[in-house]
Structures are given as structure tokens and as C-alpha cells.
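Observations on the model geometry
Residue strings, one per chain:
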Amino acid sequence: MARLTIILTIISIALSAAAAASAQTNRQRIAPSIAGAPAQRTCLLTGAYRIDVVESDQLYSVVKDATSTVPFGQQQRFFIDLSTRLTPPDMLAIECHGARVSVASSRAARVSYLADGRMRRERTSAGNFVNSRVELKRDSLSFISSGNAEDSVNVAFQSLDGARRLLVTRRIYAEQLTEPIVIRTFYDKIADTVNWQTYDGGYVAKQIPADDVRPLPRRAVSRTPAAFRSSEAALLRDALEDWIEATNRRDIDGQMHFYLPRLKAYYLTRHTPASAVRAEKDRVFAGVRSVDIRAREPEIVFQDAGRTAVMRFIKDYRVVERNRTRSGAVVQELRWQRTNNGWRIFSERDVRVIR
């Protein structure tokens, strides 16, 4: 399943330990083949890229129009998990040397492989057979896998505007979907060469295991004095506790105190005004009798010289509505910005559904 694992990695599914091991196996397997690979013309894809949020498909719009065969009571969890898989990375990096291609993103570490256009048939860990092909041309790169419906993906990278932009088109096939989901993401080239040290540790947001919360990778610019980290982390933990208490009281005014006027991300939406966040909370709480949310010890990483912070924690929840009770656990991420009035939230999303 090594080749399929790489394909999934490229579409920004965070690497688990098993996937990382598979990717390493694949790199070792293809290395001897590189020497004999045919030479390619200059590859227009090589470079570092940043997402163009305005031009790209909005994830919320894509997912909300999807239809599923999953029972109604399970659809919310299914689509949250699917949205996590579909969330495009903010940064991409591609480098071509002949038929050898290396790719990384802000959600997945660097992997290398032989893009020779050959179809390969492999058995997955579940015993199913999957056909996969990776093909490189001067201005495009494609990943195709087919076989078991839940494993079928199609990802295409296309150079645009004289190699100044990049279009990534992803088609996701799942047995629970009545039709494949297609999402197009545009990127602007910000460098003609790639600094792999950045993508091997700096920007990579590794997946948090269900039973463990490990420290997030530190960016070089986030090195702040220990005393500062300690005091500001204490303030952030207090803010998190107050935010959760307000949620459990269904105190919307108390919750909204912690948000900036506009959020870069709010679950499936982007560039969301606080008024829309409030309207959504009003809608959700209108049909709720009680809320019990508990956060396990958060991991906090300071960025931008201490001006922002990424906080991830496992959130256990139990929500009693009029006709049903919902409960579960997710890995939640809050991004905070330090202001003159204290720390405020500018991004809120679920990273992973645990149960």
C-alpha cells in the first residue's frame, strides 16, 4: 500500500506513523530505479506555492452539496471527517529531477517517488487490490488510483500563467458518496526553488493520535523566551477555560468576547465575520437543553514571534437536544492572536474526529 499512501499524503491527509513508514519503504524501493529513468524536459511545476483562498473552491460549498448513503444520524460525523480530509494545505512544494518528483505540503512531510506513468497493481492492508499510476509531464503531474471505491482518488497538478500559478484538482471517491466530490484549489508561486527544511519540520502540522496529544512542531520564528511562553501559555489556558465555561452555560455573549471581528477559518467556512459565528451559535443553542464540553490538557505552540498561538486539545462533548443526545470526542484546534485586550480567537476547527 506504499504507493497509495503517498497519493493520499499528497492530497493532504496528515501522515500517521504507519503512513510515514510506508512512504519510507516506497522511497527505498524506487531509489535504485531513478538512475535509469529517462530524462524529462524542464519541469514547470518546481517551486513553492501559497494558496489563493479567494479563487479556490470554498470547502463548505463543496461539501454541503454532497449526498451520502450514510444513515442520517451519522452524517454529521461523516462529513466532518471528510472535510478534514479535503481541507487543502496552505503551502505546497514540488521539485522535479528527471522522472523523480518530491512533494510536500504544510500538512504532510516531504515524499519522493518515480513518476513514470506506469500502472501498478497492489494489495492494501485490507486485502483489496488497487491500481495506481503517477505521471509527470512538463507542466502537469497526476495521481490516479482505482479499485476499491473507498480508496479511489484522482489528483491533478496543472501549471498555469507561465508557471506563476498552480491548479490542484482533487476527485475523491468513497463508497458512502453517491457521486465523487471534486474540489479545485489555486496556488500562487512564491519561490522558484524549495527550502525543504521548511517543509520537513517548520510548516508541517502533524496529525494528533486519538490517544495521545504530542507537541506540535516549532517554527524557527516562534522561539520566544521561556518566561514569556510560560506566562502567555497560562493566560491562554485561562482563556480556554473561560471560553468552555461560557459554552457550557450557553452564554453566547460570553463566548463571543473571545473572537476577533473576522475569523480566517470557522469549521468549513473561511474569512467568516463574527456576526456569522454568532448566528450559527444562536441556531445551534436554540434546540439544546444542556451542553457539557470538557477539554483535555492543550498543546500550545507560539508563532510569529509570540504574536499568535496554535492550540490543540482533545474535546469531549455531550449535547442534549430535545429529541436526542449527541456525544463524542474530537481533536479541536483554536488559533489565537495576542491583542491589547488579551488573546482572541481567529480560527476554530476540528482537526480529527475520534469517536
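You'll find the structure just up there.
Let us look at the structure shown here. (Residues numbered from 1 in each chain as written. Predicted model: local features only at pLDDT ≥ 70, side-chain atom pairs only at ≥ 80, totals over all residues. Heavy atoms only, no water.)

Some remarks on the pairing of strand β10 (residues 181-191)
By the bridge criterion, four bridges tie strand β1 (residues 47-51) to β10 in an arrangement that is antiparallel. Paired with isoleucine 51 across the strands is tyrosine 187, a residue of β10. Sheet analysis places strand β9 (residues 165-172) next to β10, joined by eight bridges and oriented antiparallel. From the neighbouring strand, threonine 169 faces β10, where its bridge partner is arginine 184. (Pairing = 2+ DSSP bridges. Helix = DSSP H or I, 4+ residues; strand = E, 2+ residues; numbered from the N terminus.)

Examining unusual backbone geometry
Notably, alanine 163 is not glycine yet its phi reads approximately 70°, a positive angle. Looking at where alanine 163 falls in the secondary structure, it is placed in the loop between β8 (153-160) and β9. Note on alanine 163: relative accessible area 13%, which makes it buried. One non-glycine residue, histidine 271, adopts positive backbone phi at about 50°. Take histidine 271: it is sitting in strand β12 (residues 269-273). Assessed through its relative accessible area of 43%, histidine 271 is described here as partly exposed. (Buried < 20%, exposed > 50% of the residue type's maximum accessible area, 1.4 Å probe, protein only.)

Comments concerning the nonpolar core
Counting 28 residues, the largest nonpolar core has Leu236, Trp243, Met311, Leu334 and Trp336 as the members making the most contacts within it. At six residues, the largest contribution of residues to this core is made by helix α6 (residues 226-248). Among the nonpolar cores identified, the runner-up in size contains 20 residues, and Leu45, Val101, Val103 and Phe143 belong to it. (Core = buried A, V, L, I, M, F, W, Y, C linked by side-chain atoms within 4.5 Å.)

Digging into the packing of aromatic side chains
The tally for this structure, following the rule as stated, stands at three aromatic pairs. Between tyrosine 266 and tyrosine 267, the ring centres sit 4.9 Å apart and the planes meet at 85°, which makes this aromatic pair edge-to-face. The exposure class of tyrosine 266 is buried, given its relative accessible area of 10%. On the accessibility criterion, tyrosine 267 (26% relative accessible area) is partly exposed. Ring geometry for phenylalanine 302 versus tryptophan 343: centroids 6.1 Å apart, planes at 50°, classification tilted. Of this pair, phenylalanine 302 sits in strand β14 (residues 299-303) while tryptophan 343 sits in strand β17 (residues 342-353), and the two are 41 residues apart along the sequence. The buried category is assigned to tryptophan 343, whose relative accessible area is 5%. (Phe/Tyr/Trp six-rings, centres within 6.5 Å; stacked < 30°, edge-to-face > 60°.)

Describing the state of the cysteines
Throughout the structure, instances matching the rule amount to one disulfide. In this model, cysteine 43 is linked to cysteine 96 through a disulfide, with the two sulfur atoms separated by 2.4 Å. Of the two residues, cysteine 43 is situated in the loop between α2 (17-34) and β1 and cysteine 96 in strand β2 (residues 91-97); the sequence distance between them amounts to 53 residues. The class for cysteine 43 is buried, based on a relative accessible area of 15%. Judged by its relative accessible area of 11%, cysteine 96 is buried. (Disulfide = S-S within 2.5 Å.)

Re the pairing of β8
Each regular strand shows side chains that alternate between the opposite faces of the sheet. Covered by surrounding structure in β8 are Val153, Val155, Phe157 and Ser159 only, the residues Asn154, Ala156, Gln158 and Leu160 on the alternate face being uncovered. In sequence, β8 turns back onto β9 through a hairpin of four residues, with aspartate 161 there showing a positive phi of about 50°.

Brief notes about the environment of alanine 309
Secondary-structure assignment places alanine 309 in strand β15 (residues 308-321). Judged by its relative accessible area of 1%, alanine 309 is buried. A sequence separation of 77 residues divides alanine 309 from glutamate 232, and the C-alpha atoms of the two residues are 9.5 Å apart. The residues contacting alanine 309, other than those within four sequence positions of it, are Leu236, Ile300, Val301, Phe302, Leu334, Arg335, Trp336 and Trp343. (Contact = heavy atoms within 4.5 Å.)

None of this, on its own, says anything about what the molecule does.
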